[in-house]
Amino acid sequence: MICSKCGNNNVEGANFCTNCASPLNQPPAISANPQTGSITITRPKKFLGCAVPYTVYIDGYLIGTVKNNQSVSFPVYYGNHNIRINCGMGIGESQFVINDEYRHLVFNCPMRLGAFSNTIDINLVGYQK
Ligand SMILES: [Zn+2]
């Protein structure tokens, strides 16, 4: 293993250069600014009397709220995610992925009334690069 600092040829697997003591096995640099996309939640005004904001959870963390007849965008890191929307009177859950190809996702999230419990539909309606 060649030392990047002094050029000394060290034994493979060595942690430090035997010539200059520089570390040889540098861990991969952790990006201080991981790549981020976004999701946009659009809530159509449909259900009279339901003024309770949607609470939006990504991977179990509350990231914000969406009021009636509102469209709100939230930043989301690259990767696979779980989205959960709850307004007390209804709930919806889905999976999505943010990457170079699907970086900014748009979801339309109407509430579907049920006999025993309501459902919030989470429909992917578009994406931008
Ligand atoms: Zn060295």
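Our structure's up above, just so we're on the same page.
Counting restarts for each chain, with residues numbered from 1 along the sequence as it is written. Totals for whole chains, interfaces and linings use every residue, but because this is a predicted model, local features are given only for residues with pLDDT of at least 70 and side-chain atom pairs only at 80 or more, for both listing and counting.

A. Structural detail: the sheet that holds strand β4 (residues 71–77). One bridge is not enough; two strands pair if DSSP finds at least two bridges between them. What counts as a helix is a DSSP run of H or I of at least four residues, what counts as a strand is a run of E of at least two, and both are numbered from the N terminus. As summarised here, the arrangement of the 4 strands in space is β4-β1-β7-β10, forming an open sheet in which the pairing is mixed. Unpaired on one side and paired on the other, β4 and β10 (123–128) mark the two borders of the sheet. Strand-to-strand twist of the sheet, defined as the mean angle between neighbouring strand axes without regard to direction, takes the value 25°. Two elements, strand β7 (residues 104–108) and β10, share 5 bridges in a ladder whose sense is antiparallel. Along β10, the bridge assignment pairs Leu105 with Tyr127. Only the contacting stretch of a helix is used when fitting its axis, a line to C-alpha atoms as for every element, and angles between N-to-C directions run 0 to 180 degrees.

B. Local environment of the environment of Ile98. Here Ile98 is to be found in strand β6 (residues 90–98). Here a residue counts as buried when 20 or more other C-beta atoms fall within 10 Å of its C-beta, as exposed when 12 or fewer do, and as partly exposed in between; the C-beta atoms come from the backbone. According to the C-beta neighbour criterion, Ile98 is buried, with 23 such atoms within 10 Å. For the pair Ile98 and Val76, spaced 22 residues apart in sequence, the C-alpha separation works out to 7.5 Å. With near-sequence residues (within four places) excluded, Ile98 lies in contact with Gly37, Val76, Tyr77, Tyr78, Gly79, His81 and Arg103. We call two residues in contact if the C-beta atoms placed from their backbones are at most 7 Å apart.

C. Representation of unusual backbone geometry. For Ala21, which is not glycine, the phi torsion reads 70° and is therefore positive. Locating Ala21 in the fold gives a position in the segment before β1 (36–42). A tally of 11 C-beta atoms within 10 Å means that Ala21 is categorised as exposed. In the Ramachandran plot, Asp59 falls in the positive-phi region, its phi being about 55° despite a non-glycine side chain. Mapped onto the fold, Asp59 is located in the loop between β2 (54–58) and β3 (61–66).

D. Examining the nonpolar core more closely. Grouped together as the largest cluster of nonpolar side chains are 16 residues, with contacts concentrated most on Ile41, Tyr54, Ile85, Phe107, Cys109, Ile120 and Ile122. Taken together, the elements giving at least two residues each to this core come down to β1, β2, β5 (79–86) and β7. Residue contacts for Ile120: discarding those within four places in its chain leaves Ile85, Cys87, Gly90, Ile91, Gly92, Cys109 and Met111. A set of buried residues drawn from Ala, Val, Leu, Ile, Met, Phe, Trp, Tyr and Cys, joined through C-beta atoms within 7 Å, is what defines a nonpolar core.

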